[in-house]
Amino acid sequence: MEQTLAKKPAHITLPVTGMTCASCVSSVERVVGRVEGVSAVSVNLATETADVTLADPTAAGDVVAAIGKAGYGVALETIELGIEGMHCASCVGNVERALMAVPGVVSAHVNLASERATIEAAADSAALMTAVEGAGYTPRRITDATAETETHADIRAKEQAALKRDFLVALIFTLPLFVLEMGSHLIPSLGHALMNAVGVFPLHILYFVLATVVVFGPGRRFIRHGTASFRRLSPDMNALVMLGSLAAWGYSTLATFLPQLFPEGAAQVYFESAAVIVTLILLGRYLEAKAKGRTSAAITHLMDLQPKTARVERDGETVDIPIADVKQGDFVVVRPGERIAVDGAVVSGASHVDESMISGEPVPVKKAEGDAVTGGTINKTGSFTFRATAIGADTVLARIVKMVETAQGAKLPVQAMVDKVTAWFVPAVLAAAALTFVIWLVFGPSPALSFALVNAVAVLIIACPCAMGLATPTSIMVGTGRAAETGVLFRNGEALQTLRDTKIVAFDKTGTLTEGRPAVTDILAVGGFEEDALLALAAAVEAGSEHPLAEAVAAGARERKLAVEKAEGFEAVPGYGVKASVGGRSVAVGARRFMEKLSVDTAGLGDEAERLAAKARSLLFIAVDGQPAGVIGVADPVKPSARAAIAALHEAGVKTAMITGDNEKTGRSIAAEVGIDTVVADVLPDGKVAALETLRAEHGAIAFAGDGINDAPALAAADTGIAIGTGTDIAIETADVVLMSGDLAGVVNAIALSRAVMRNIAENLFWAFGYNVLLIPVAAGVLYPAAGILLSPMLAAAAMGLSSVFVLSNALRLKRFRKVA
């Protein structure tokens, strides 16, 4: 039936980009026409669309791929839907198949833990929602991150409340049934007393009433969803629970009211099994729902960082307005202790702002006029006014939330294996249960029919694939959420898997290993000058220069709070240096050749100057009134965290390399300072990709860490691109991983977290698969001939619920991940 529906012809319209002439039209029509499953194609240059008739709607992805290979593009829309009603890996497969059957859908990925579907399509969202409804689930369109988070939280809260209510109702009716029935077996005297006082038939009538309330009351959710899944010819775990509970209830009902239909000794009742199955699985579902809510706590925490209101200047007054009403260009007033509402730039006032949620740095950062501020950060003691420059989805916080949500909804390559298994898992379980029933009926001891029923029901219940469906997505959700809390943002889930296998990390030098700005590192004063006096004279002369080294000298004087006089008669000598008169004294600053040109003898500075040059310092010689006064060493200082980070990578078994455009001598000096293994120097920007390929061929999977501005090609070419950002300067377009601060410890933490997540996923999958592989045969009764052991359907229900709770609890351990550097 599904096959027939899938092959029904469909018509799609794809928006094609890159076409410029009639020849382009012919090319697109030709390549699309060759795709298997396409029956007709017509391309319109004016509307830039391709109208395609598909004999097989699932060929839409092949059509898009063919257009891409021909050198054109298809402007697909990424649509996100929330999906309610999914409970296991089979549900995920059902929704994905339903979405892929919609004409125009190129890809559809469904995440059980986040209850979301991400679809790339040239299709109407209404058609997608109709397809989901047709599959038996409830869809909702996701448009705004904040609204969706709140809505999702509300929906989960309602679901938890409904599960708790149903479980409590089921428990109230199941307890007396369980106590009376099981008590009669465990305490024979109680059983005899009940039989004498009440009688067998009235007692069974009581059991029937109690079990019926449970199975068709709280358990109706399983019947409703299970029946729908059979109608779709794609049974899921609800179908297994429905069959198991109804089989036990139906058999017991017939044995109660029509015992003559059964062979002698086979008219047993199992009402307690039917009721306990429903009760225990509801308990498992409730615990699972609570744990699921905790897996998405990181998103909720991030959303809580944004205040609900902002104090804005409007029409000469300062008023509090909802955050959604803030407009770009508004002047926002921030008082001490308040969270900053949106991104902006300070226009008046000053304060210190706690930016730890962005950069991970615990020390508040000073903010004054012209400085950028980020929404969600906390103002400390002062007050200021800033102009809003980014609002809504454009703020840094919103972009972080979006990145985390995208990563949490991702499917790792390892998930492909799980999907293949679960595609046939439920049908295989149904077949195994049927085979179990037949074998026990034919070969089992008397009463064979009772044994056959009990064991078949146990197989149905024990094998629900909930744990398999939750194994990967829950670990991803918790892991990426914890990563965001430590300042590591995974832009896509695949980076979690690729980063684990990294053998070598290559670093860009400037702005990554170093601060990215020249600074005064050494001052050597001679001729009776003090260091501060020499720096002040040099800063006075360099004030008239725009050279980066001049800026470093001026910044060094400012940091030391030196009084810098105004220079007169400034003169720049291109390629040599600068000179001017400061306080009536002639001061010259420049390279050694400038000193030679001015006939200044620098021999006395020779040894010390060579020592500084060997440390990759740029040297500025200073002469005062024609006499040598000293030398200033300027360099791009290495980040304080670099050496420790490189050491931590080595300890983790990861090799390191540095790719730089600097000369070999400078590169090796920096590498020696921080402990890097390999140096690739004199590399032009477009040569970084080739350098990465060479390192990959030699060592294996490679990650590249760069500042994310001029390293885009290398970030894209590496197996994992890591952008080192600072606050609002986030390279989110190219990198796979973004570090919110400039601290290189983030690279170590990202790799450690990747390994922790993948290890956690492996543990979950081992448990989920191992649980089924071991317990399905036990439920079928393989241990009975040798040891007389059978698995009660009640124990099977308890074990099934615990398996999901175990997987979720194991994933939640990732919340305890601690930074390793």
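Chains are numbered independently. Their residues run from 1 in the order of the written sequence. Reporting of local features is limited, given that this is a predicted model, to residues whose pLDDT is at least 70; pairs of side-chain atoms are given and counted only at 80 or more, and all residues count toward the totals for whole chains, interfaces and linings. Only hydrogens and water are set aside when side-chain values are computed; all heavy atoms of the structure are taken into account.

## With respect to the overall build of the protein
So the rule is basically this: Starting at the N terminus, helices and strands are each numbered in turn, a helix being any DSSP run of H or I of at least four residues and a strand any DSSP run of E of at least two. To sort residues, take the accessible area from a 1.4 Å probe on protein chains only and compare it with the maximum for the residue type: under 20% means buried, over 50% means exposed, and anything in between is partly exposed. Here, two residues are considered to be in contact whenever any of their heavy atoms come within 4.5 Å of each other. Under the convention used here, a 1.4 Å probe and the Shrake-Rupley method define accessible areas, while residue burial counts only the protein chains that appear.
Helices and strands together make up the secondary structure of the protein, namely 30 helices and 29 strands. Residue burial in the protein is summarised as follows: out of 821 residues, 53% are buried. Expressed as a percentage of contacts within the protein between residues at least 6 apart in sequence, the contacts between residues at least 24 apart total 69%. Accessible surface, the protein as shown: approximately 35,100 Å² in total, 58% of it carbon and sulfur.

## Side note on the packing of helix H9 (residues 220-231) against helix H10 (residues 237-257)
The line we're drawing: In this analysis an axis means a line fitted to C-alpha atoms, helices contributing only their contacting stretch, and an angle means the value between N-to-C directions, from 0 to 180 degrees. By definition, turning the near helix anticlockwise from the far helix through less than a right angle yields a left-handed crossing, and turning it clockwise yields a right-handed one.
Contact geometry of H9 with H10 gives a least axis separation of 7 Å together with a crossing angle of 115°. The two elements H9 and H10 meet at a crossing, and its hand is left-handed. Here Phe222, Ile223, His225, Gly226, Thr227, Ser229 and Phe230 of H9 come into contact with H10, specifically with Asn238, Ala239, Val241, Met242, Leu243 and Leu246.

## Quick notes on the sheet that holds strand E7 (residues 116-121)
Where we set the bar: The pairing criterion is simple: DSSP has to find at least two bridges between the two strands.
Overall, antiparallel pairing links the four strands, which are arranged E6-E7-E5-E8 in an open sheet. The sheet is open, and its two borders are formed by strand E6 (105-111) and strand E8 (138-141), each paired with just one other strand. Along the sheet, successive strands turn relative to each other by an average axial angle of 25°, direction set aside. Two elements, E6 and E7, share six bridges in a ladder whose sense is antiparallel. Each bridged residue has a counterpart across the sheet, and for histidine 109 the counterpart in E7 is threonine 118.

## Points about the UniProt feature "transmembrane region" (unreviewed entry) in the protein
For clarity, the threshold we go by: UniProt positions are given in the numbering used here, feature names are shortened, and annotations may be inferred rather than shown by experiment.
Residues annotated in UniProt with the feature "transmembrane region" (unreviewed entry) correspond here to residues 167-187, 193-216, 237-257, 269-287, 421-443, 449-472, 765-784 and 790-812. Here residues 765-784 is 85% helix and 0% strand, with 28 Å between the C-alpha atoms at its ends. Split by type, residues 790-812 is 87% helix and 0% strand. Its first and last C-alpha atoms lie 33 Å apart.

## A closer look at the pattern of salt bridges
This is how the line gets drawn: What makes a salt bridge here is a side-chain nitrogen of Lys or Arg within 4 Å of a carboxyl oxygen of Asp or Glu, nothing more.
Tallying each qualifying case throughout the model produces 21 salt bridges. For arginine 116, the salt bridge identified is with glutamate 80, shortest N-O distance 2.6 Å. Placement of the pair is arginine 116 in strand E7 and glutamate 80 in strand E5 (residues 77-84), with a sequence separation of 36 residues. Of the two residues examined, arginine 116 and glutamate 80, each falls in the buried class. Linking aspartate 532 and arginine 560 is a salt bridge whose minimum nitrogen-to-oxygen distance equals 2.8 Å. Of this pair, aspartate 532 sits in helix H20 (residues 531-542) while arginine 560 sits in the loop between helix H21 (548-559) and strand E20 (568-573), and the two are 28 residues apart along the sequence.

## Some thoughts on the sheet that holds strand E4 (residues 73-74)
Taken together, the four strands give an open sheet; going across it, the order is E2-E3-E1-E4, and neighbouring strands pair in antiparallel fashion. The open sheet is flanked by strand E2 (38-44) and E4, the only strands paired with a single partner. One ladder, built from six bridges, connects E2 with strand E3 (residues 49-54); its direction is antiparallel. Note that in E3 the partner of serine 42 across the bridge is aspartate 51. Lying on the sheet, helix H3 (residues 60-69) is in contact with strand E1 (10-17), E2, E3 and E4; it crosses E1 at an angle near 25°.

## With respect to the nonpolar core
Short version of the rule: Put simply, buried Ala, Val, Leu, Ile, Met, Phe, Trp, Tyr and Cys residues joined by side-chain atoms within 4.5 Å make one nonpolar core.
Met86, Leu99, Ile119, Phe490, Phe507, Val737 and Val747 are the most contacted members of the largest nonpolar core, which has 133 residues in total. Tallying contributions element by element places helix H28 (residues 745-780) first for this core, with 17 residues. With sequence-adjacent residues up to four places away left out, valine 747 is seen in contact with Val505, Phe507, Leu649, Ala705, Ile722, Ile724 and Leu739.

## Remarks on the side chain of aspartate 166
Following the sequence through the fold, aspartate 166 ends up in helix H6 (residues 145-186). In this structure aspartate 166 comes out as buried when scored by relative accessible area, which is 6%. For aspartate 166, the contacting residues outside a window of four places in its chain are Pro218, Arg221 and Leu282.

## Some thoughts on the packing of aromatic side chains
Rules: Aromatic pairing here means that ring centres of Phe, Tyr or Trp (its six-membered ring) are within 6.5 Å. Orientation follows from the plane angle: under 30 degrees is stacked, over 60 is edge-to-face, and everything else is tilted. In this scheme, the term charge over a ring applies when either NZ of a lysine or CZ of an arginine sits within 6 Å of the ring centre and within 35 degrees of the ring normal.
Under the counting rule described, the total for this entry stands at 11 aromatic pairs. For the ring pair phenylalanine 451 and tyrosine 784, a centre distance of 5.8 Å and an interplane angle of 50° mean the geometry is tilted. Taken together, the positions of phenylalanine 451 in helix H16 (residues 448-462) and tyrosine 784 in helix H29 (residues 784-787) put the pair 333 residues apart, joining distant regions of the chain. Here tyrosine 784 falls in the partly exposed class, since its relative accessible area comes to 28%. Sitting over the ring of tyrosine 576, arginine 593 keeps its end group 5.9 Å from the ring centre. Sitting over the face of the ring of tyrosine 576, lysine 597 holds its NZ or CZ atom 5.1 Å from the ring centroid.

## Section: helix H4 (residues 89-100)
Heads up, the rule is: Each residue after the first adds 1.5 Å to the expected span of a helix.
Taking 1.5 Å per residue as the helical rise, H4 with its 12 residues ought to reach 16 Å, and the 17 Å between its terminal C-alpha atoms agrees with that figure. Within H4, 10 of the 12 residues are buried, which leaves it mostly tucked inside the rest of the structure. Residues Ala89, Ser90, Cys91, Val92, Gly93, Asn94, Val95, Glu96, Ala98 and Leu99 constitute the buried set of H4.

## As for the pairing of strand E11 (residues 331-334)
Along any regular strand, the residues point their side chains to alternate faces of the sheet. Of the strand pairs in this sheet, strand E9 (residues 309-314) and E11 are connected by two bridges, and their pairing is antiparallel. Across the sheet, residue arginine 311 finds its bridge partner in E11, namely valine 333. Alignment of E11 against strand E16 (residues 383-390), held across four bridges, turns out to be antiparallel. Paired with valine 334 across the bridge in E16 is phenylalanine 384.

## Remarks on the environment of lysine 688
Along the chain, lysine 688 falls in helix H26 (residues 688-699). For the pair lysine 688 and glycine 661, spaced 27 residues apart in sequence, the C-alpha separation works out to 9.2 Å. In this structure, lysine 688 is in contact with Asp508, Ile659, Val683, Phe704, Asp711 and Ala714, ignoring residues within four places of it in sequence.

## Description of unusual backbone geometry
With an omega of -5°, the peptide bond running from serine 446 to proline 447 counts as cis. Here proline 447 is to be found in the loop between helix H15 (413-443) and H16. One non-glycine residue with positive phi stands out, namely lysine 561, at about 55°. Within the secondary structure, lysine 561 is located in the loop between H21 and E20.

## Overview of the pairing of strand E10 (residues 317-322)
For E9 and E10, the ladder comprises six bridges, and the chain directions are antiparallel. Directly across from threonine 309, in E10, lies its bridge partner proline 322. In this antiparallel pair of consecutive strands, E9 and E10, the connection spans two residues, and aspartate 315 shows a positive phi of 55°.

## Some remarks on a nonpolar patch on the surface
Heads up, the condition is: To count toward a patch, a residue needs a relative accessible area over 30% and no salt bridge; like charges are then connected within 9 Å, while nonpolar side chains (Val, Leu, Ile, Met, Phe, Trp, Tyr) are connected within 5 Å.
On the surface, a nonpolar cluster with roughly 600 Å² of combined accessible area is contributed by Leu435, Val438, Ile439, Leu441, Val442 and Phe443. Secondary-structure assignment places valine 438 in helix H15. The class of valine 438 is partly exposed, set by a relative accessible area of 44%.

## Examining the environment of leucine 489
With respect to the helices, strands and loops of the structure, leucine 489 is situated in strand E17 (residues 488-490). Residues leucine 489 and leucine 739 lie 250 residues apart in sequence; the distance between their C-alpha atoms is 6.3 Å. Apart from residues lying up to four places away in sequence, leucine 489 is in contact with Ile400, Met403, Val404, Ala484, Asp736, Val737, Val738 and Met740.

## Observations regarding the packing of helix H24 (residues 642-651) against H28
What counts is decided by this rule: An angle counts as roughly parallel when it lies under 35 degrees, as roughly antiparallel when it exceeds 145, as roughly perpendicular when it falls between 65 and 115, and as oblique in every other case. Three classes are used: nonpolar for Ala, Val, Leu, Ile, Met, Phe, Trp, Tyr, Cys and Pro, charged for Asp, Glu, Lys and Arg, and polar for all others, with Gly counted as polar.
Put simply, H24 and H28 touch, their axes get as near as 8 Å, and they point 25° apart. Here H24 lies roughly parallel to H28, going by the angle between them. Residues Ala645, Ala648 and Leu649 of H24 lie in contact with H28, whose contacting residues are Ala745, Val747, Val748 and Ile751. By residue class, the composition of the contact of H24 with H28 is seven nonpolar, no polar and no charged.

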